[in-house]
Amino acid sequence: MVRTSGTTRLTATFLLVLCAAAQSGYVDPKACAACHPQIAETYGRTGMARSFGAIAPGAALPLIPGGTFRHEASQQIFSLPVRGGKTYLRREQDDSSLERPLDYWIGSGNHARSYLTRTASGELLELPATWYAEAGGHWGMSPGYARPDHAGFSRKINYACMFCHNAYPEIEASPEGHRTTVFPERMPEGIDCQRCHGPGKAHIQTVQRGGSRDEVRRAIVNPARLDPVRRMEVCLQCHLETTTLRLPASITRFDRSVFSFRPGEPLENYALHFDHAPGAGYDDKFEFSSSPYRLRKSACFLASAGKLTCTTCHNPHDIPRGAAAVAHYSRACRGCHALALSKPHPAAEECISCHMPKRRPSDATQVTVINHYIRKPPAANAAAPPIEHVEQNDGNSPPYRGPVLPYYPPDLARTAENELYVAVAQVTHQANLAVGIPLLASAIAKAAPKAGEFYLELAEAYRHAGRSGEAAAFYQQAIARMPADWRPVYGLGNSLAATGDLARAVRTLQRAIALAPREAAPLQGLAKALAKQGKLVDAVAALRKAAEIEPESAEVRNDLGTALFRSGDTAAAEKAVREAVRLRPEVAAIHLNLAELLARRNSFPEARHHFEMAIRLDPAAAESHSAYATSLAANGNLTEARQEYEAALRLNPQLAVTHNNLGALLLRLGDADGAIRQHRLAIAALPDSPTAYYNLALALAGQGKLVEAEQNLESAIQRAPDYFEAHLKLGQLLLARGDTAGAEPHLRKAAESPDPRIRTAAQEAR
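Each residue is numbered by its place in its chain's sequence as written, counting from 1. Given that this is a predicted model, residues contribute local features only at a pLDDT of at least 70 and side-chain atom pairs are listed and counted only at 80 or more, while totals for whole chains, interfaces and linings are drawn from all residues. Note that the side-chain values use all heavy atoms of the structure and ignore hydrogens as well as water.

Draft legend 1. Spotlight on the packing of aromatic side chains. Stacked, tilted and edge-to-face are the three classes applied to pairs of Phe, Tyr and Trp rings, where Trp contributes its six-membered ring and a pair requires centres within 6.5 Å; stacked means planes under 30 degrees apart, edge-to-face means over 60, and tilted covers the rest. This structure, assessed with the given rule, holds 20 aromatic pairs. On the numbers, 5.4 Å between centres and 65 degrees between planes, the contact of Y26 with Y168 is edge-to-face. Taken together, the residues span a long stretch of sequence, with Y26 in the loop between α1 (12–18) and α2 (30–35) and Y168 in the loop between α4 (159–165) and α5 (194–197) at a distance of 142 residues. In terms of burial, Y26 and Y168 fall into one category: buried. Cluster of aromatic residues (ring-pair linked, three or more members): Y26, Y159, F163, Y168, F183, F259, F261 and Y270. Lysine NZ or arginine CZ positioned within 6 Å of the ring centre and within 35 degrees of the ring normal marks a charge as sitting over the ring. Positioned above the aromatic ring of F163 is the side chain of R195, whose terminal nitrogen or guanidinium carbon lies 4.5 Å from the ring centre. Lying over the aromatic face of Y455, R481 brings its terminal NZ or CZ to 3.9 Å of the ring centre. In this description a helix means any DSSP run of H or I spanning at least four residues, a strand means any run of E spanning at least two, and both kinds are numbered starting from the N terminus. The cut-offs for exposure are 20% and 50% of the maximum accessible area for each residue type, with area from a 1.4 Å probe on protein chains only; residues under the lower value are buried, those over the upper are exposed, and the others partly exposed.

Draft legend 2. Local environment of the environment of A741. Structurally, A741 is set in helix α33 (residues 740–750). Along the chain, A741 and C336 lie 405 residues apart, while their C-alpha atoms are 102 Å from each other.

Draft legend 3. A look at the environment of K575. Relative to the elements of secondary structure, K575 occurs in helix α23 (residues 570–583). Of the residues examined, K575 reaches a relative accessible area of 66% and is grouped as exposed. Considered as a pair, K575 and L564 are eleven residues apart in the sequence and their alpha carbons are 9.9 Å apart.

Draft legend 4. Expanded view of helix α22 (residues 554–566). One less than the residue count of a helix, multiplied by 1.5 Å, gives the span that helix is expected to have. Here α22 contains 13 residues, and its C-alpha end-to-end distance of 18 Å stays within 8% of the 18 Å for a straight helix at 1.5 Å per residue. Every buried residue of α22 is accounted for by A554, V556, N558, D559, L560, G561, A563 and L564. Residue contacts are counted whenever heavy atoms from the two residues lie within 4.5 Å of one another. On its buried face, α22 is in contact with α20 (521–532), α21 (536–549), α23 and α24 (588–600). Positive phi shows up at G568, right after α22, with a value of about 100 degrees.

Draft legend 5. Geometry of unusual backbone geometry. With an omega dihedral of 20 degrees, the bond running from L247 to P248 counts as a cis peptide bond. Structurally, P248 can be placed in the loop between α8 (228–239) and β15 (250–252). Here Y408 and P409 are connected by a cis peptide whose omega angle stands at 5 degrees. Although it is not a glycine, A305 adopts a positive phi angle of roughly 55 degrees. Its location among the elements puts A305 in the loop between α10 (299–303) and α11 (310–313). Judged by relative accessible area, A305 falls into the exposed class, the value being 68%. For A448, which is not glycine, the phi dihedral falls at a positive 45 degrees.

Draft legend 6. Looking closely at the packing of helix α29 (residues 672–685) against helix α30 (residues 690–702). Axes here mean lines fitted to C-alpha atoms, for a helix over just the part in contact, with angles spanning 0 to 180 degrees between N-to-C directions. The contact between α29 and α30 brings their axes to 9 Å, and the two run at 160 degrees. Here α30 runs roughly antiparallel to α29, going by the angle between their axes. Relative to α30, the crossing made by α29 is left-handed. Residue-level inspection shows A675, I676, H679, R680, A682 and I683 of α29 in contact with α30, the latter providing A692, Y693, N695, L696, A699 and L700. Polar here means any residue other than Ala, Val, Leu, Ile, Met, Phe, Trp, Tyr, Cys and Pro, which are nonpolar, and Asp, Glu, Lys and Arg, which are charged; Gly is therefore polar. Residues that form the contact of α29 with α30 fall into these classes: nine nonpolar, two polar and one charged. For classification purposes, angles smaller than 35 degrees are called roughly parallel, those larger than 145 roughly antiparallel, those between 65 and 115 roughly perpendicular, and all remaining angles oblique. Crossings are sorted by hand: turned counterclockwise from the far helix by less than a right angle, the near helix makes the crossing left-handed, and turned clockwise it makes it right-handed.

Draft legend 7. Spotlight on α33. If you check which residues of α33 are buried, you get A743, H746, L747 and A750. Buried residues of α33, viewed axially, fall in a sector of 100 degrees; they line one side. Those residues of α33 that are buried are in contact with α31 (706–719), α32 (724–736) and α34 (756–765). The directions considered for the arc are those from the helix axis to the C-beta atoms.

Draft legend 8. Spatial organisation of the pattern of salt bridges. Any Lys or Arg side-chain nitrogen found within 4 Å of a carboxyl oxygen on Asp or Glu counts as a salt bridge. For the structure on display, the rule yields 42 salt bridges. Of the charged contacts, one joins D284 and R375 as a salt bridge, the two residues approaching to 3.9 Å between their closest N and O atoms. In this pair, D284 is assigned in the loop between β16 (271–276) and α9 (291–295) and R375 in the loop between β18 (369–370) and β19 (404–408), connecting sequence segments 91 residues apart. Residue class for R375 comes out partly exposed when judged on its relative accessible area of 38%. Each of R83, R90, E92 and E99 takes part in salt bridges that share partners, so that together they form one network.

Draft legend 9. The arrangement of the pairing of strand β5 (residues 76–79) in detail. Think of it this way: DSSP has to see at least two bridges between two strands before they count as a pair. Here strand β4 (residues 68–71) runs beside β5; their pairing, made up of four bridges, is antiparallel. Following the sheet pairing, F69 is matched in β5 by F78. The turn joining β4 and β5, which pair antiparallel and follow one another in sequence, is formed by four residues; a positive phi near 55 degrees is taken by Q75. Here three bridges tie β5 to strand β7 (residues 86–93), and the two strands are oriented antiparallel to one another. Looking at the pairing, S79 lines up with R90 of β7.

Draft legend 10. A look at the confidence of the model for the protein. The share of residues in the protein with pLDDT of 70 or more is 93%, and the mean pLDDT across the chain is 92. In this model residues 1–23 is a low-confidence stretch, pLDDT under 50, and it forms 40 contacts with partners more than four residues away in sequence or in other chains. The quantity called pLDDT is the predictor's confidence in a given residue, expressed from 0 to 100.

Draft legend 11. Representation of the packing of α31 against α32 in the model. Close contact between α31 and α32 brings their axes to 9 Å; oriented N to C, the two are set at 150 degrees. Our classification of the angle between α31 and α32 gives roughly antiparallel. Considering how the two elements wind past one another, α31 and α32 form a crossing that is left-handed. Seen from α31, the contacting residues are L706, A709, E710, L713, E714, A716 and I717; seen from α32, they are A726, H727, K729, L730, L733 and L734. Across the contact of α31 with α32, the residue classes break down as nine nonpolar, one polar and three charged.

Here you go:
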């Protein structure tokens, strides 16, 4: 590159690179290196530059010592077989296995490196195994997977994930915005210069046409020339994360596409950030991506009046290592604290280890990172118990329930639009539904926003609150404002099905399918509505189409198995649910489904295994304990059955069917008083249960309490006039006390039963 008279001119070599420029104004990052080779060379060694990349054929990955590692919580074994120069991640459990190719890596490797696989449809899935740099390097479960019911091979990477882990890909607009999961085949590799400096095309063209130095500079963003707030927001676009738990931590404004933030613009124009309420137990949360969040709590930051930013300490173009890093960061501290260091002070040559000591993040416990909450070191407490490093993630932490507060910008203007987003934040992950629903409804009524997403969020909130009728009304308003988006149409169809309007639900879900023919969810919703109509053949057909779209979806296979079983094809049902278990052995509900299917097919030993897997994966699921108990009782394991029924009721005392079944079991065990108590509890939980009245009558009759037994049989018949067993028993009791006239109509009704045993008993009694 040659400069003459303040004008910058391009070499011919550079012009060849410029041909890769995209319509958006972004260029191939190699274009930057043509004029800035030294910066490009040092930047290439930073973690940002190494944030994402494709795994080349034949590339060697870190080995697993011994060839495998075992995840005890899920009882799964992982290995990395290599075939044809391609590395795969293989998971084995029981007699099943699953493997997927490692197509991309994500993460610099300074602390960890995770891996992604690409599906045939272009979706990227995070794999459950990650390489960690600590202790010389080792493999373990990916962050968020440290639990029995982890996501397996199913966690989809969406645009919001990719926003912070890579340069902007070339994509087409999608109505789903940040939720979109299909990526182009050609992907950038690593965060490039333009994430901090903005699109480079105008800058290069200005140089090419011989623009002045000032014109060249004005054609690109230099964060150093921004005011401190805008300068720091260049970093905050990716690094500001209040939490990885479901809150939400941020909401991208609905009129902004995911990859639309430009350095130099106010971050609040692109997204708003939110936080837990103070005193809710999250005040000292320390997570992997919490550096700016922690820094902003520091006295150093607060006292600097905005002068302390990320680049005060960090040079984004070059990351020092080892002794050079120690010296560099200590000089940054001394820039403000030289006077303090002139006073009596520990003789340490560096500041970080005392004032910003490393900690293990709660959401990634296999790494240690710098704590950016700068403060005086706390006094050592020799009596303090050791910290137990248990990963906190959405799967093992109770969901937050409380106010969701605006966090950034710190002085969010109270405009009608911002009030809408604050209300949306309350309901997005159901943190504050009771307050959020009326707040959002009021904000919508006041502002009458054009964006359909506000109406969609309110509809979803009503759905989560079990108010399907109100949900349907707002789904319709969302549809009117976003007619090309399948999501509100799908939501409306499901809400109509929930209210019992199945004919309209089916028609609406068919509209959703027409809008999104490559989405499985509307087909699943349609199948459920059709099944409620008794159209099981059509339901199976819809689910087979869904399985063609998402052949690796365990949820679709599980739904298909259920529909096939209800249609009478038990062999195909078992095959479908077994495939669901193979795809997602981490899901308790799928094991439970297979267990119940096997139990009905008289395969109790194998059913027992899957019942126990379901309970181990989700020990708090009362329904699993109850279903297991019913299967145990049917196979003569009465003592175990009693224990499982009692476990279910400890978890959920309102399970009427479980009380009823436990009562029947206790009667078999000779505990009539216990049986009567359980049946009364069943009736209290579900007053319209004819079976509970019938079983209570049997227990009472066994104790000679015939009048009360007759009353309960009458209650059962009142609720189910064709309850032939109740008619038979009542007729028999009335005959026993000589009331032939009263017994006759009940015995006559019992003789109409389709069950030959009941008919025979009724005829003999007459």
